[in-house]
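Below are the chains, spelled out letter by letter.
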Amino acid sequence: MRPHFSAGVLLASLAAMPFRPAAGQTVPDSRPFFNVLDYGAHRDGSASSTAAFRSAIQACAKAGGGTVFVPAGHYSSGAIELVSNLTLYIDSGAVIRFAANRDEYPMVQSRFEGVETRAPAAMLGGSHLENVTITGRGTLQADNAEWRKLMGDAAWRTAWNEMLLRIERKETIPDEMRRSGEMALRADFIRPVESKNILIEGVHILSSPMWVLHMLYCENVVIRNVVVETYPGANTDGVDIDSCRHVRISDSYFDTGDDAICLKSGKDADGRRVNRSTEDVAITNCTIHRGHGAVVLGSETSGSIRNVVASNIVAQGTDRGIRIKSTRGRGAVIENIRFDNWVIEDTPNPAIEVTNYYTRAPEEPVSERTPVFRNIAISGVTVNRCRTAVSIEGLPEMPVEGLRLSDIVANAHEGLRAFNTKGLELHNVRINAETGISFLIRDSVGLDLDGVQTRTPKADVPVVRLDRSKAVALRNSIAWQGTGVFLSMAAGMKPMVTMIGNDLGAASTQVREDSTDYWKDINTPDKPPARAR
């Protein structure tokens, strides 16, 4: 008996069939469609497909734009230069492996770790592009170990480091030193430069020579629904937003060998010369596993970073969760930053870190080299099984200003450690520290402790300890049963502290002045070397 198909079933079955137009054939959006197989690509990986990819992309450019389609298969390639008005569609089942072959990656103008220089072309990249999409459910793959071996000559790295010193001193760099230093540099995976309207979505990226998604001097960038797995590769950041504006990152998974999502704006003297900020960035709905930091600002901050929101993030097993870092010599400003709705678990370092001691540079007078942190809000964070709940490290010559922590619940080995702050606010912050003091603060002014508490009080150490601080308010805070001293402060500080609406009756001692040095055994980056103490 002949099977009967309704019109609806027939149309549905036709719609489900793969569509493979020939070269130049138009797709429903009337844009030309270019299948790389029609340009000689080897889908069995038996030979390089670099030339085929380039030919298909150039044909697309000649047509004024369109879609370059990579069907399922295994391909080998070198650097691929993108063009404007291009959609590169990497289909499910397609794997493009990029070879570690120096000849396949010509040197181009770029920026490497915050310093403008020539560097190897990215696996997928280009300059002065507009309207570029990289999409599909395919896989892009490289090998970090192969690239490190390829660029691993110690003499090259020495030359690169000497170049950086000469740049800082504004000295001439000999051509031979520059060429030698450039040989130490590894290629980024995807790097558009000076480009607008960039969309990267859906792709799966495995390993990388260097940074994975490096957006450099770009505007209007969207990164969504990507999977980046580069752990444990060296320097394999998931996303680096480098002096860009109007950026959205969402709904993605990262398991990286370095920072997962990192915002930068240039390094030291060269970064200040370029002076291009990263600003207007929204990050949301991402899951991050391992890596050095989940969402990181810095340490290359010399062009400033401002107007950033990072929300709805789960960080599990990263070295740190929220990290804002700079150092003397970088200069510029990090401001107007908001982190909301986070879960951070199993970090061997601080879950939340704000530091201007990324390097232990010696103190110097305030100048354009001095980094400034201000107007930063972190709220709605749950911390579990972390080494330190919160670490805040300002400079004596430039305290962290206007940092606000709200609705934090942290279960950690150590509590909050903060020094050199101005206008620090803690609202409804509960820190359950396994050892030591839950809130240890010094060298701070304008301190608002509103609703601070611990559910793991100890009889032998205070809940809150203040040293060399003034203009302090302690309000709406609670001492729970088992508390020895709730508030301990250095001798003579009582006039500096205003107490309003607290419930400290369960503490054996509510407030005490004493001269105990609770910082002496804590390793902080502002301490001089042991021989100078």
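Residues numbered from 1 in each chain as written. Predicted model: local features only at pLDDT ≥ 70, side-chain atom pairs only at ≥ 80, totals over all residues. Heavy atoms only, no water.

Enquirer: Whenever I open this one, the layout of surface pockets confuses me. Can you help?
Expert: Leftover empty space is mapped by rolling, across the atoms, a probe with the size of a water molecule. Considered as a void within the structure, the largest pocket measures approximately 710 Å³ in volume. What lines the largest pocket is a set of 32 residues, among which Glu-414, Arg-417, Ile-522, Asn-523 and Thr-524 lie closest to the centre. In terms of residue count, strand S30 (residues 372-393) provides more of the lining of the largest pocket than any other element does, five residues in total. Residues that form the lining of the largest pocket fall into these classes: 13 nonpolar, eight polar and eleven charged. Lining the second largest pocket are 22 residues; nearest its centre among them are Glu-113, Asp-258, Glu-300, Lys-325 and Tyr-358. When contributions to the lining of the second largest pocket are tallied by element, the ones reaching two or more residues are helix H4 (154-168) and strand S27 (320-325). By residue class, the composition of the lining of the second largest pocket is six nonpolar, three polar and 13 charged. (1 Å grid on protein atoms, 1.4 Å probe; cavity = no way out; pocket = protein on both sides within 12 Å on 5 of 7 lines; lining within 4 Å. Points joined across faces, edges and corners; volume = space filled by probe spheres on them. Helix = DSSP H or I, 4+ residues; strand = E, 2+ residues; numbered from the N terminus. Nonpolar A, V, L, I, M, F, W, Y, C, P; charged D, E, K, R; others polar.)

Enquirer: So what exactly am I meant to see when it comes to the pairing of strand S31 (residues 400-422) here?
Expert: Moving residue by residue along a regular strand, the side chains alternate between the two faces of the sheet. As paired elements, S30 and S31 share 15 bridges and run parallel to each other. Bridge pairing in S31 places Ile-378 opposite Leu-405. Note that S31 and strand S32 (residues 425-433) share eight bridges and pair parallel. Of the residues in S32, the one forming a bridge with Ser-406 is His-427. For S31 and strand S33 (residues 439-453), the ladder comprises six bridges, and the chain directions are parallel. (Pairing = 2+ DSSP bridges.)

Enquirer: Explain empty space enclosed by the protein to me, please; I cannot follow it from the model alone.
Expert: In total, this model carries one cavity of 30 Å³ or more according to the counting rule given. A volume near 30 Å³ is recorded for the largest cavity. Every residue lining the largest cavity is listed: Gly-436, Ser-438, Thr-454, Thr-456, Pro-457, Lys-458, Val-461, Pro-462 and Val-463. Of the residues belonging to the lining of the largest cavity, the class tally is four nonpolar, four polar and one charged.

Enquirer: Mind showing me how you'd approach the packing of H4 against helix H5 (residues 175-182) here?
Expert: A packed helix pair is summarised by two numbers, namely the angle formed by the two axes and the spacing between the axes. Close contact between H4 and H5 brings their axes to 7 Å; oriented N to C, the two are set at 120°. Taken as axis vectors, H4 and H5 run oblique relative to one another. In this structure, H4 crosses over H5, and the sense of that crossing is left-handed. Listed contacts from H5 to Ala-155, Trp-156, Ala-159, Trp-160, Glu-162, Met-163 and Arg-166 of H4 are Met-177, Arg-178, Ser-180 and Gly-181. Here the residues of the contact of H4 with H5 sort into six nonpolar, two polar and three charged. (Axes fitted to C-alpha atoms, helices over the stretch in contact; angles between N-to-C directions. Parallel < 35°, antiparallel > 145°, perpendicular 65-115°, else oblique. Left-handed = near helix turned anticlockwise from the far one by under 90°. Contact = heavy atoms within 4.5 Å.)

Enquirer: Explanation requested: the state of the cysteines in the structure shown.
Expert: Defined simply, a disulfide is a covalent bond joining two cysteines at their sulfur atoms. Enumeration over the complete set of coordinates arrives at zero disulfides. Here Cys-244 is not cross-linked by a disulfide; its sulfur's nearest cysteine counterpart is in Cys-218, at 4.8 Å. A residue is classified by how much of its surface remains accessible, and Cys-244, at 0% relative accessible area, is buried. Sulfur of Cys-262: no disulfide; nearest cysteine sulfur belongs to Cys-244 and is 12 Å away. (Disulfide = S-S within 2.5 Å. Buried < 20%, exposed > 50% of the residue type's maximum accessible area, 1.4 Å probe, protein only.)

Enquirer: How should H4 be read in this particular structure?
Expert: Note on helix geometry: an α-helix contains 3.6 residues per turn, so any two residues three or four positions apart are oriented the same way. Helix length check: H4, at 15 residues, gives a terminal C-alpha distance of 21 Å against a target of 21 Å (1.5 Å per residue), a fit within 8%. Listing the buried residues of H4 in full gives Trp-156, Ala-159, Trp-160, Met-163, Leu-164 and Ile-167. Burial along H4 is one-sided: seen end-on, the buried residues are contained in an arc of 145°. Facing away from the buried side of H4 by over 90 degrees, the exposed positions are Ala-154 and Thr-158. Where H4 is buried, its residues meet strand S9 (107-112), strand S10 (115-120), helix H3 (144-150), H5 and helix H6 (268-274). For H4, the capping residue at the N-terminal end is Asp-153, with a side-chain oxygen 2.8 Å from the backbone nitrogen of Ala-155. Directly after H4, the chain includes Lys-170, whose backbone phi takes a positive value near 60°. (Expected span 1.5 Å × (residues − 1). Arc of directions from axis to C-beta. Polar contact = N/O pair within 3.5 Å; in protein donor to acceptor, adjacent residues only side chain to side chain.)

Enquirer: Help me understand the confidence of the model for the protein chain in this model?
Expert: Low-confidence regions, as indicated by low pLDDT, have predicted coordinates that should not be scrutinised in detail. Taken as a whole, the protein chain shows an average pLDDT of 93; of its residues, 93% reach a score of 70 or greater. Note on residues 24-28: pLDDT is under 50 here. Beyond four places in sequence and across chains, it has 13 contacts. Segment residues 529-533 is flagged for pLDDT under 50; beyond a separation of four residues in sequence, or across chains, it makes two contacts in the model. (pLDDT = per-residue confidence, 0-100.)

Enquirer: What is the right way to look at helix H2 (residues 50-62) in this model?
Expert: For H2, which comprises 13 residues, the first-to-last C-alpha distance of 18 Å matches the rise-based estimate of 18 Å (1.5 Å per residue) to within 8%. Of all the residues in H2, the buried ones are Thr-50, Ala-52, Phe-53, Ala-56, Ile-57 and Cys-60. A positive phi of about 90° marks Gly-64, the residue just after H2.

Enquirer: Honestly, the environment of Ser-195 in this entry has me stumped. Any pointers?
Expert: Tracing the backbone through its elements, the reader meets Ser-195 in the loop between strand S14 (190-193) and strand S15 (196-201). Using a relative accessible area of 1% as the deciding quantity, one classes Ser-195 as buried. Distance in space between the C-alpha atoms of Ser-195 and Gly-125 is 10 Å, their sequence separation being 70 residues. Within the local environment of Ser-195, its side chain forms a polar contact with the backbone oxygen of Val-193, the two atoms lying 2.8 Å apart.

Enquirer: What's the story with the pattern of salt bridges in this structure? I'm lost.
Expert: Where charged atoms of side chains with opposite charge meet at close range, the side chains can pair. One pass over the structure, following the stated rule, counts 43 salt bridges. Ionic pairing is found between Arg-404 and Glu-425, a salt bridge with its closest N-O pair at 2.7 Å. Pair noted here: Arg-404 is in strand S31 and Glu-425 is in strand S32, with a separation of 21 residues, a long-range link. By relative accessible area, which is 37% here, Arg-404 ends up partly exposed. (Salt bridge = Lys/Arg side-chain N within 4 Å of Asp/Glu carboxyl O.)

Enquirer: Explanation requested: the packing of aromatic side chains in the structure shown.
Expert: The geometry of an aromatic ring pair comes down to the distance between the two centres and the angle between the two planes. This structure, assessed with the given rule, holds nine aromatic pairs. Pairing Phe-339 with Trp-342 gives two aromatic rings, centres 5.9 Å apart and planes at 65°, and the pair type is edge-to-face. Pair check on accessibility: Phe-339 and Trp-342 agree, each one buried. Joined through ring pairs, the aromatic side chains of Phe-33, Phe-69 and Tyr-89 make up one cluster. (Phe/Tyr/Trp six-rings, centres within 6.5 Å; stacked < 30°, edge-to-face > 60°.)

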